[in-house]
Each structure stands twice: as structure tokens, then as C-alpha cells.
Amino acid sequence: MCGIVGILGQTPVAGTIYEALKRLEYRGYDSSGVATLEDGRLTRLRARGKLVNLEKCLRETTLAGTSGIGHTRWATHGVPNETNAHPHFCGPVAVVHNGIIENFRELREEFEAQGCHFETDTDTETVAQIIALAMKDGKTPLEAVREMLGRVRGAFALGILFSGEEDLLIGARNGPPLAVGYGKGEMYLGSDAIALAPLTNSLSYLEDGDWVVMSRESVRFFDENHDEVTRPVTQTSQSAIHIDKGNYRHFMVKEIFEQPEVISHTLANYINPLDGKISIPDLDLDWNGLNRITISACGTAYIAGLVGKYWLEELAQINVDIDVASEFRYRKAPMPQDALALFISQSGETADTLAGLRHCRGHGLKIASIVNVAESTIARESDFTLPTRAGVEVGVASTKAFTCQLGVLACLAIEAGRERGVLDEARVETLLRALETLPGHIHEILRQDAQIEEIAKSLTKSRNILYLGRGTSFPIALEGALKLKEISYIHAEGYAAGELKHGPIALIDEEMPVIVVAPDDALYEKTLSNMQEVAARGGKIILISNARRCDQNANNVWSCIEIPDADTFINPILAALPVQLLAYHTAVHMGTDVDQPRNLAKSVTVE
Ligand code: F6R
């Protein structure tokens, strides 16, 4: 999940590469580097830590070359120090890599036995070594890359430069995405359209197994059999507009506050504004012929899928299986042909989710995906794409993409319920009108930001925090815990409220905050009993519920966060807001790096 960029330019490219890397920093920020060709010689600058450290190096030392490659790293093999930072050099070869070379150990042993010296602990260096050795044997750069592709196994997107070859840049893709951008007398290579957006809107995406040979005036694509192929040129919709934090302190809080707007954009895609009826464009399915939906996703997107399962089962009376994508593919579950495989992903590039998609495709299933990045690999490889309209999400902790995913899943469940005859028109109408109240209700919750911040301050001293919920509030408990741990580093667990007595209740003492997500719905009384079990053991309860329930429990709980009274159907979307804000403010008060928490990356393109 590193970010890679390459440019064959007309003027010095190091600064432009750095700017493109800034747009890719969401993919990793352990270390970074740039290499350019100056008078045919490879020179590089690398720095440990975030990109600003590379910027300092670039200010102190000029890289004057007009051909270059750059990289921002999320470490897989080798600690994130300067030596392990890309680009990696070996003889005349410079390589940047996103992914994992799975057979690097055996390759390294083989080359070390032949007397090769390895400078780094990375898997990537083997790529440079293979190419360099082949060139030493008299092979051309193209022949050497071809040989390397025959030897490495694993997932990779590569950018390769060669000393003495000012007009040559080679890229290769097996797994992680890679795009070629077309400029005027210039050519670009990048991990995604966002990286290249200020440079060009004309792109070709490499397909899996492709490699590409670029000069300033020409591009040649080859497929996995090394046959020359053509790849279509598309116009990307990614905007070159600078993505900034506006008046907000962090991207995460900006994105939390964007939710009223982006949820309404997302819903507008599925609810016709003229007649208020639901329509799912491009989803051509025989709902009555379907017997099962199989959902796979990772992290927050998986949690959205879990809410979707509750909705689809209740509203459409259809069986739903759900798995974290990293387990799904290895579970060897039966693949009934009357099932729809549904994948959910903000980035549309998550390696585990993509692998699950390809697994289902291999079994002949129909594939639908809910994605935020319209040109992503998952979107392109699906039969039906259901877009979220969350806009670019920069904060590593997903917020607005999550509520937009829920918006799409809600529409999908309503449409499925209508088509399958479970919901009559009146119920459909009620549910749709409930969804339309979301932006207003979300605004109301956001107005409690200062109060939620005060509550969050009290969480900063905790070592462990428990989140409880039942029904569709259970996934929100999971999401609250995930959000908190990823950005504040406080250990947190989400539990189904009814499971409390089967183990986690042993953790409860006066030190333990317990956040109970219990909106005023049919399951409220049950969750209330679990909350009382916590209160009886001295737990410090923060209740997320409606005003009436907050008032009734004022003496039992330590603190309350109100959600507005609405159709209970939309409660999980509303309850997501307080848990996001709680995590955000806790992290800010603890002084962590909210937008780029340690060890994480926004787009996880390795398994
Ligand atoms: C958590 C978070 C991650 C992602 C997960 C899947 O805040 O952002 O758990 O949800 O890595 O990413 P996508 O949705 O891009 O497939």
C-alpha cells in the first residue's frame, strides 16, 4: 500500500514527483524517496518518516533530472529507515514498488550464493537485482524486465528507471493498481488518478499482469504473456483541485462535518428527486431469483456490511452471509449460483476485498460493489457498481465513506424488499422519507460537538473502553471501538450487548468506561438490562440514545449523548456520528496524529 509515481518530463521533475507523492501519502507515510536521472546517472534522495522530511532534503539538495520516480512507503519487509526507503538501486536500475514479492527470500538466497550484495532488508531489492543481473548478462532493459517478471511471485506495482536511458520508464502491475497518464511531450505513471490529476486527466489503467514501456512520445502495453496489447484511454473524473482542510484542524473532522452534504449527494443517486421513488441505476437483477447475498469487505466497510445484513434480512427477507474479506476467500464456502456477491470498499483497491471479488468471479457469481472511488479496480471489475458520493476521503479513519455506504445499503435493502414483495409501497415510502431526513438529523448531532468533546476528555486516561449495542447498534459499537483504537491507541472492544455476561463483564470496574449505543427502538429495553448490569458493577456508562431515554437514565449513567428522534430504521447512521466524534476528540486530546495514525495506511493494497 505504498504510493508510486514516475515522470518523463520536459523540465526537472523532482518537485512535481514530490507534489504527486503528497497526494499519495494516504497510502503510507513511513518513509519516502525520489530518484532522477541527471546526465544519464541515477541520483536519489530518501528520508525516514513523513513526506515533509523528504521536502527538507529536496530544499537542501537539487535533483535536476527530467526523468524520475518517487515513492511513499508503508513498510512490509524491513523497518522504515532511510536504507529501506525506495527507490532501490542496483547497478543501472532504480525501482519503486508497491506490494509484496512473496518469493523474495528464495531469490535473495540464490543471488547471495552468487555473490550479490543486498543493501536493504526489503523484498523490493530483489526486483532491482534480477534486472541488473540480466542486464549484466547483456540483456536490454526490456528483456531484463521481462525476465524479472517471470521470476517474481506476489503482488506488485512497479516503476523502473535505467541509468543512461533518459527516455525510458517501465511499469508493471500484478495486483495493486497502476495508471499511465498522457501529457504534452511528457508521460506519467502513478498508483492512482488522484496522484496524476494535476498533470493530466487522460489515463490508461494497466490490467493485472500488464507491463508498460513508456517514452515521452509513446506507450507500449504488454499483457502477462508479453503480447503487445492496447489499453483504452479514459478521462478521469478526479479533480485537480487542491484537497485541503479548509478551516478545520484535521481532515477527519472536516470529513465528519461533511456528512450531511455527502449523504444527501449519495442518496440523490438512488432516490429520484422528482418523484421521490427509489431507483438503483445499473443494477439489473432478478431479486426474486436470488436466494442469498454474500458480503465481503474489510474494517469499517465490513462493519457497514454488517448493518446491511440486518437491513437486507429484515426488509427483503433474504439470507445474507458476511465475512471479513481476508477470511472469506480461504473459507472454502459453497458458492451457490443463485447468490449475489457484494463487495464494499471506500478505496476500491483493498487487496483482500479485490481477491474475494476475483474468487467469486472465478465461481461464476454476479458481482456488485459499493465503492467511493469510481475508477478503482473493484469498481471496474464488478458487474454492477453502486457508488457512494462521499468525495475524496483523506483521513485514514473512515467516517463519511461509512455513513454513505450505509445510505447505499439502506436503499439496496428497500429496493430488494419492494421487488421481493416484502415491503408494500406505503412502507417503502416511509423508509425513503426517513432516509431523506438524514442530513437534517446529522446536523443536529454535529451541533453537540462541544459537549461530545467534553465527554471525550474524560476518556483520555482510560486504558480500555468497551462499546455495547444490540441489533443494528451492535455494528455501531464495533465501529466506535475500531475508530477509537485506530486513532487514539486506546484499547477498545465492541460487543453485542447480550454477550456481555458471557465474558467481558469480568472487565467491568470503576475505571472502565462503557459506551452503550441504545437508541429508543424495539431492542432498547433489552440493552437497558445489560446497561444496568454494568452500572451494578460500578462501570462508567456513556449512553447514546434519544432524549427521552437519556432523561430517564440521568441518574444511572455518567454521561449521555442524544440522537434525534427519527424512524428507528436510520438509527445506526445517526449513532455513527457520536462514536466518530468521541474517537476524534479523544485522539486530539491525547495528541496523536489523527489523520495519519501510526502503522496504518488509507489504502491497503497488500494481503
Ligand atoms: C477504518 C478504516 C479501515 C478501512 C479498511 C477498508 O477507519 O478506514 O478499516 O475501512 O481498510 O478500506 P476500503 O474501504 O478502502 O476497502
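Visitor: Explain the packing of aromatic side chains here, please?
Guide: One pair of aromatic rings is described through two measures. These are the centre distance and the angle between the planes. Evaluation of the coordinates by the stated rule reveals 3 aromatic pairs. Relative to Phe222, the ring of Trp211 lies with its centre 4.7 Å away and its plane at 25°, an arrangement referred to as stacked. A residue pair is termed long-range when its members are at least 10 positions apart, and Trp211 in strand β12 (residues 211-214) and Phe222 in strand β13 (residues 219-222) qualify at 11 residues. The same class applies to Trp211 as to Phe222, namely buried. With a centroid separation of 5.1 Å and an interplanar angle of 55°, the aromatic rings of Trp311 and Phe569 are classed as tilted. One end of the pair, Trp311, is in helix α9 (residues 299-316); the other, Phe569, is in the loop between β25 (559-563) and α20 (571-590), and 258 residues separate them in sequence.

Visitor: Would you take a moment to explain helix α8 (residues 259-268) for this structure?
Guide: In an α-helix, one turn spans 3.6 residues; hence positions three or four apart end up facing the same way. All of the buried residues along α8 are Gln259, Pro260, Val262, Ile263, Thr266 and Leu267. Its buried side turned inward, α8 meets α7 (251-257), β20 (384-387), α13 (400-419), α14 (425-436), α15 (438-446) and α20.

Visitor: How should I be thinking about the domain arrangement of the protein chain in this particular structure?
Guide: Accessible area lost when the parts come together is the quantity often used to give the size of an interface. Segmenting the protein chain into domains produces domain 1 (3-242), domain 2 (245-436) and domain 3 (446-607). Centre-to-centre separation of domain 1 and domain 3, based on C-alpha positions: 43 Å. Between domain 1 and domain 3, the residue contacts involve 13 residues of the former and 10 residues of the latter. For the pair domain 1 and domain 3, the summed buried area comes to about 1,000 Å², and 52% of that belongs to carbon and sulfur atoms. Three residues, Tyr26, Tyr29 and Trp74, lead the burial of domain 1 against domain 3; their summed loss comes to 51% of the area buried on that side. Taken together, the connections running from domain 1 to domain 3 amount to 1 salt bridge. Note that Lys50 is salt-bridged to Asp593, the shortest N-O span being 2.1 Å.

Visitor: Any chance you could explain the nonpolar core here in plain terms?
Guide: Side chains of nonpolar character tend, in soluble globular proteins, to be buried together. If you look at the biggest cluster of nonpolar residues, it comprises 91 residues, and the most contacted ones within it are Ile293, Trp311, Ile414, Leu435, Leu438, Tyr467 and Phe569. Top contributing element to this core by residue count: α20, with 12 residues. Two domains each provide a minimum of three residues to this core, namely domain 2 (245-436) and domain 3 (446-607). Among all residues touching Leu438, those that are not within four sequence positions of it are Ile263, Leu267, Ile570, Ile573 and Leu574. Residues Phe111, Cys116, Ile130 and Leu149 belong to the second largest nonpolar core, which totals 32 residues.

Visitor: How do you make sense of the pattern of salt bridges when you look at a structure like this?
Guide: Where charged atoms of side chains with opposite charge meet at close range, the side chains can pair. With the rule as written, the count across this model stands at 31 salt bridges. Lys483 is paired through a salt bridge with Glu479; the nearest N and O atoms lie 2.8 Å apart. Residue Lys483 and its partner Glu479 are located together in helix α17 (residues 473-488), separated by 4 residues, close to a single helical turn. Classification of Lys483 as buried rests on a relative accessible area of 0%. For Glu479, a relative accessible area of 0% puts it in the buried group. Taken together, the salt bridges that share partners define one network made up of Arg173, Asp208, Arg358 and Glu381.

Visitor: Mind showing me how you'd approach the sheet that holds strand β7 (residues 154-162) here?
Guide: In a beta sheet, neighbouring strands are held together by backbone hydrogen bonds and run either parallel or antiparallel to one another. Pairing is antiparallel in the open sheet, where 7 strands are placed in the order β5-β6-β7-β8-β12-β13-β14. Looking along the sheet, the strands with just one partner apiece sit at the ends: β5 (88-90) and β14 (228-229). Here β5 pairs with strand β6 (residues 93-101) via 3 bridges, running antiparallel. Bridge pairing in β6 links His88 to Val95. Lying on the sheet, helix α5 (residues 141-151) is in contact with β7, β8 (169-174), β12 and β13; it crosses β7 at an angle near 165°.

Visitor: How should I be thinking about the site of the ligand in this particular structure?
Guide: Of all residues adjacent to the ligand, which total 14 residues, the nearest are Ser345, Gln346, Ser347, Thr350 and Glu486. One nitrogen or oxygen atom from the main chain of Val396 is found 3.2 Å from an oxygen atom belonging to the ligand. Burial of the ligand by the surrounding chains reaches 89%, relative to a free accessible area of 410 Å². Mapped by element, the contributors of at least two residues to the shell around the ligand are α9 and α17.

Visitor: Quick question: what am I supposed to make of the side chain of Arg73 here?
Guide: On the secondary structure map, Arg73 appears in strand β4 (residues 67-73). Side-chain polar atoms of Arg73 contact the backbone oxygen of Val79, separated by 3.3 Å.

Visitor: Even after reading the chapter, I still don't get unusual backbone geometry, so can you show me in this structure?
Guide: Trans is the common state for peptide bonds, and a negative phi is the common state for residues other than glycine. The linkage connecting His86 with the following residue, Pro87, adopts the cis geometry, with an omega of -5°. Note that Pro87 resides in the loop between β4 and β5. A positive phi angle is found at His226, which is not glycine, with a value near 70°. Looking at the secondary structure, you find His226 in the loop between β13 and β14. Overall, His226 belongs to the partly exposed group, its relative accessible area being 22%. One non-glycine residue with positive phi stands out, namely Tyr489, at about 65°. Positionally, Tyr489 belongs in the loop between α17 and β22 (491-496).

What counts as what
Residues numbered from 1 in each chain as written. Predicted model: local features only at pLDDT ≥ 70, side-chain atom pairs only at ≥ 80, totals over all residues. Heavy atoms only, no water. Phe/Tyr/Trp six-rings, centres within 6.5 Å; stacked < 30°, edge-to-face > 60°. Helix = DSSP H or I, 4+ residues; strand = E, 2+ residues; numbered from the N terminus. Buried < 20%, exposed > 50% of the residue type's maximum accessible area, 1.4 Å probe, protein only. Contact = heavy atoms within 4.5 Å. Domains from an automatic or database assignment. Buried area = accessible area lost by both parts, 1.4 Å probe. Salt bridge = Lys/Arg side-chain N within 4 Å of Asp/Glu carboxyl O. Core = buried A, V, L, I, M, F, W, Y, C linked by side-chain atoms within 4.5 Å. Pairing = 2+ DSSP bridges. Axes fitted to C-alpha atoms, helices over the stretch in contact; angles between N-to-C directions. Near = heavy atom within 4 Å. Polar contact = N/O pair within 3.5 Å; in protein donor to acceptor, adjacent residues only side chain to side chain. Areas by Shrake-Rupley, 256 points an atom, 1.4 Å probe, with all protein chains shown as cover.

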